[in-house]
Amino acid sequence: MKWLCSISLFVALTLNSALADNTQLPSPDLPRDAYVNALLQKMTLSEKIGQLRLISVGPDNPKEAIREMIKKGQVGAIFNTVTRPDIRAMQDQVMQLSRLKIPLFFAYDIVHGQRTVFPISLGLAASWNLDAVATSARIAAFEGSEDGLNMTWAPMVDITRDPRWGRVSEGLGEDTFLASEMGRVMVSSFQGDNPAGRHSLMTSVKHFALYGAAEGGRDYNTVDMSPQRMFQDYLPPYKAALDAGSGGVMVALNSINGTPATANTWLLKDLLRKQWHFSGIAISDHGAVKELINHGVAGSPKEAVKIALDAGIDMSMGDIYFSRYLPEMIKSGEVSESELDDAVRHVLNVKYDMGLFRDPYSHLGPVGSDPKDTNAESRLHRAEAREVARQSLVLLKNRLQTLPLKKQGTIAVIGPLADSQRDIIGSWSAAGRIDQAVTLLAGIRNAVAGKATVVYARGSNITDHKDMVAFLNSYEVSVKQDPRTPQAMLDEAVKTAERADVIVAAVGESQGMAHEASSRSNITIPDGQRRLIDALKATGKPLVLVLMNGRPLALVHENQQADAILETWFSGTEGGNAIADVLFGDYNPSGKLPMSFPRSVGQIPIYYNHLPTGRPYNPQAPDKYTSHYFDEANGPLYPFGYGLSYTRFSVSDVKLSSPTMPRDGSINVSVTLTNTGDRDGDTVAQLYIHDVKASISRPVQMLRGFRQVFLKAGESKQVTFKLDAEALKFYNQQMQWVAEPGAFDVMVGLDSARVKTARFQLL
């Protein structure tokens, strides 16, 4: 017990010393709670409120004005500043001019790369490869921390089953298990072993909670959901990311069962703090405190401030309500100072965890160490970006082995996305430089240099809809229109195609069509591009469609027209080279879909792990009075988990280590995978389960494991998954977390639609 007394004495002496000087920060050797409590006792009301302000650099807040606020202790953190000189100047303002010298932290939207841009998150999910995801996050953390940043607004783990939502591109798809696994790995890879590490970035998981379930797929819209669905399907990815150690959460803009997340005490205190034991920082999304008035739960700015703070918002992003109204409200007693202290404590906690009190310049290095060229090519990680991008590509169709292409003859590269550097890096591309991105046209030319002739035509604009173009260009000119008439571009494309042996057409969406505030009611390829595809098909030449898009699209007609279709998402800085690697067979595609592709918008929502119905539809024996649409084929065009290869794989029958599973035990589930083709390749073995009879209906399938497997041509390997009772649990009608005894089907396949099945009993 003597060592405990010694530690207590050390803390007490250090604490008393820290409190003696009201302008000196406590010793960073103090434990976090003691340090933060000591610091809180020194802070004025104005300084406390200042810590709750997260300021965006921009036209409304120029750097000069922000620096003046910093000097007065009126800013807690900054976002949208991404260069070391600017960040250093602001931190200098704190350390040289503010009274208590409480460091700022600096944050940015590093969602799929900082300077090296990796595939969009939906593309990363399509890799089904945790190592690839980890690589992208580690490099993003390295580059972000080298730019002086401390936090990223990532990962986004919102489950979504509605591809109309524009922010599908930022997420990890429709499946709870896949998103949970990838979110966990992203947090661990961004933060490393210690969020205070030199090349670590603290994460802020978003958007808490249920943002991806916005009604109608309309951004910012309301969410109404049963507790079972919420806890079963939508909340686990947030929980997995927080359990991995995420220091922050960004709170969603939507309401949940009538209560906006920013005002939701149950969500932010009962669930997040008490039930999940989260001790980090809860940050509002941009302007969300103000928006409580529009939501209809606050009648005035002061009421919005009180509601948000009461609910558990610690830091307000991008608005001035906290700083404008809190001083008066605390002095009048409308808000207690202890409640303010709770929020400030969470802000100071993450700054302590980031190591900023020990070294405010930990991600900046000494004066004179800033890169001479912030945008230097040498700062990029191109090889890793190319490798990860290759793994994200999904081969959707390959009739008569149209792919891989031969590096010979004449290849026509056509389409409005074929030579677009802006679009290939996608939305939320952080500090990525457009002029450093490799387009599809450039990638193909690189691949066949000296071996084949490449001819190019734009063919069409991304869209000919003037109002749509104006909308997409309302914040930045990202969609550039060719001034020629649609017919002139079409004629040029046909003439170009007629000179070629094969056509590679890059079609889909601009990156701005799959972005925040870019929900679409029509998820087909825009009409002008569809006319282009029709004309190219009419030439009779082999037609390869290279899709660029940030959401599942409805592609029934295109699937009928194309000889091959390659889904490339928005694949990042090295996207063009990565796509060319796959097109020409230098890399055998292995990606799998993280979302189901509907046949039409009328099928939405469509997702593989739906609940059964009392009148299920059987396409092999159709019956009128069953759950289906009568006007088109039922089921998705491409199912969840789907993706082809240049070789073929077979899956053996499922073998179980036992026909029964004890409640405190486990069973092994094994299959033999065989590469029955003539090329080496990777595939992804996917394990699903179904609870045959339970106290409430359970999904027809639930992903519970996946494994990427490399097989040489003709090679076989046994793949074994371990299942225990934890993987069988669910929330019952009483919201108890249980695994009920009975029969379970276990399914293994290469996608969710084609599986081999066995059955066991949970005792």
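Please read these numbers as outputs of a predicted model, since none were measured by experiment.

Conventions and cut-offs
- Residues numbered from 1 in each chain as written.
- Predicted model: local features only at pLDDT ≥ 70, side-chain atom pairs only at ≥ 80, totals over all residues.
- Heavy atoms only, no water.
- Axes fitted to C-alpha atoms, helices over the stretch in contact; angles between N-to-C directions.
- Helix = DSSP H or I, 4+ residues; strand = E, 2+ residues; numbered from the N terminus.
- Left-handed = near helix turned anticlockwise from the far one by under 90°.
- Contact = heavy atoms within 4.5 Å.
- Nonpolar A, V, L, I, M, F, W, Y, C, P; charged D, E, K, R; others polar.
- Buried < 20%, exposed > 50% of the residue type's maximum accessible area, 1.4 Å probe, protein only.
- Domains from an automatic or database assignment.
- Buried area = accessible area lost by both parts, 1.4 Å probe.
- Polar contact = N/O pair within 3.5 Å; in protein donor to acceptor, adjacent residues only side chain to side chain.
- Salt bridge = Lys/Arg side-chain N within 4 Å of Asp/Glu carboxyl O.
- Core = buried A, V, L, I, M, F, W, Y, C linked by side-chain atoms within 4.5 Å.
- Pairing = 2+ DSSP bridges.
- Expected span 1.5 Å × (residues − 1).

Here we look at the packing of helix α20 (residues 486-498) against helix α21 (residues 527-538)
One can describe the packing of α20 onto α21 by two numbers: an axis separation of 10 Å at closest approach and a directional angle of 30°. For α20 against α21, the interelement crossing comes out right-handed. Here L490, A493, V494 and A497 of α20 come into contact with α21, specifically with R531, L532, A535 and L536. Considering only residue class, the contact of α20 with α21 consists of 7 nonpolar, no polar and 1 charged.

As for unusual backbone geometry
Residue H207 is reached from K206 by a cis peptide bond, and omega for that bond is -10°. Structurally, H207 is set in strand β5 (residues 202-208). Look at the link from L403 to P404: it is a cis peptide, with omega at 0°. Positionally, P404 belongs in the loop between β11 (394-398) and β12 (410-414). Even without being a glycine, Q401 presents a positive backbone phi close to 55°. By the secondary structure assignment, Q401 is in the loop between β11 and β12. Take Q401: its relative accessible area is 57%, and that puts it in the exposed class.

Quick notes on the domain arrangement of the chain
Domain assignment breaks the chain into domain 1 (32-108 + 198-354), domain 2 (384-595) and domain 3 (649-762). Each of domain 2 and domain 3 has a C-alpha centre, and the two are 36 Å apart. Contact with domain 2, which involves 7 residues of that partner, is made by 9 residues of domain 3. Counting each side, the surface lost to burial between domain 2 and domain 3 is near 590 Å², with a carbon and sulfur contribution of 36%.

Structural notes on the side chain of N398
Its place among the elements puts N398 in strand β11. Engagement of the side chain of N398 in a polar contact is seen with the backbone nitrogen of T402, the distance being 3.2 Å. At 2.8 Å, the side chain of N398 and the backbone nitrogen of L403 are in polar contact. Discounting chain neighbours no more than four positions away, the residues touching N398 are L403, D563, A564, L644 and Y646.

So, the pattern of salt bridges
The tally for this structure, following the rule as stated, stands at 46 salt bridges. Here R167 makes a salt bridge to E516, at a shortest N to O gap of 3.5 Å. Highlighted residues: R167 in the loop between β4 (151-152) and α8 (176-191) and E516 in the loop between β14 (502-508) and α21, separated in sequence by 349 residues. The class for E516 is partly exposed, based on a relative accessible area of 22%. A cluster of three or more residues bridged by salt bridges with shared partners is formed by R84, R88, E146, R198 and D370.

Comments concerning the nonpolar core
Membership of the largest hydrophobic core comes to 187 residues, with the highest contact counts inside it found for F208, L235, L326 and L583. In this structure L326 touches I49, L52, V305, L309, Y321, V335 and L340, once residues within four positions along its chain are discounted. M702, V719, V746 and L762 belong to the second largest nonpolar core, which has 28 residues in total.

Description of the pairing of β12
With 5 of 5 residues buried, β12 lies mostly within the body of the structure. The alternating pattern of β12 places T410, A412 and I414 and I411 and V413 on opposite faces, both of which are buried. The pairing of β12 with strand β13 (residues 453-457) spans 5 bridges and is parallel. Across the sheet, residue A412 finds its bridge partner in β13, namely V455. Direction of pairing for β12 relative to β14: parallel, over a ladder of 4 bridges. Each bridged residue has a counterpart across the sheet, and for I411 the counterpart in β14 is V502.

Some thoughts on helix α7 (residues 130-146)
The periodicity of an α-helix, 3.6 residues per turn, causes residues three or four positions apart to be oriented the same way. Over its 17 residues, α7 runs 24 Å from end to end, which matches the ideal 24 Å to within 8%, given 1.5 Å per residue. For α7, a buried count of 13 out of 17 residues is recorded, marking the element as mostly surrounded by other parts of the structure. The N-cap residue of α7 is N129: its side-chain oxygen and the backbone nitrogen of D131 are 2.9 Å apart. The positive-phi residue at the C-terminal boundary of α7 is G148, with phi of around 95°.

Digging into the sheet that holds β4
The 8 strands lie next to each other as β9-β6-β5-β4-β3-β2-β1-β10, forming an open sheet whose pairing is parallel. Each of the sheet's edge strands pairs with one partner strand only, and the pair in question is β9 (281-284) and β10 (316-317). Bridge analysis of strand β3 (residues 105-108) against β4 gives 2 bridges, and the strand direction is parallel. The partner of A107 across the bridge, within β4, is M151.

Quick word on the side chain of H690
Turning to its location among the elements, H690 is positioned in strand β21 (residues 681-691). Residue H690 is classed as buried on the basis of its relative accessible area, which comes to 15%. Those residues in contact with H690, other than ones at most four positions away along the chain, are R698, P699, V700, A743, F744, D745 and M747.

With respect to the environment of F710
As for its position among the elements, F710 is in strand β22 (residues 702-711). Residue class for F710 comes out partly exposed when judged on its relative accessible area of 36%. Between the C-alpha atoms of F710 and L543, which are 167 residues apart in sequence, the distance is 29 Å. Not counting residues up to four positions away in its chain, the partners in contact with F710 are D680, G681, D682, E715 and K717.

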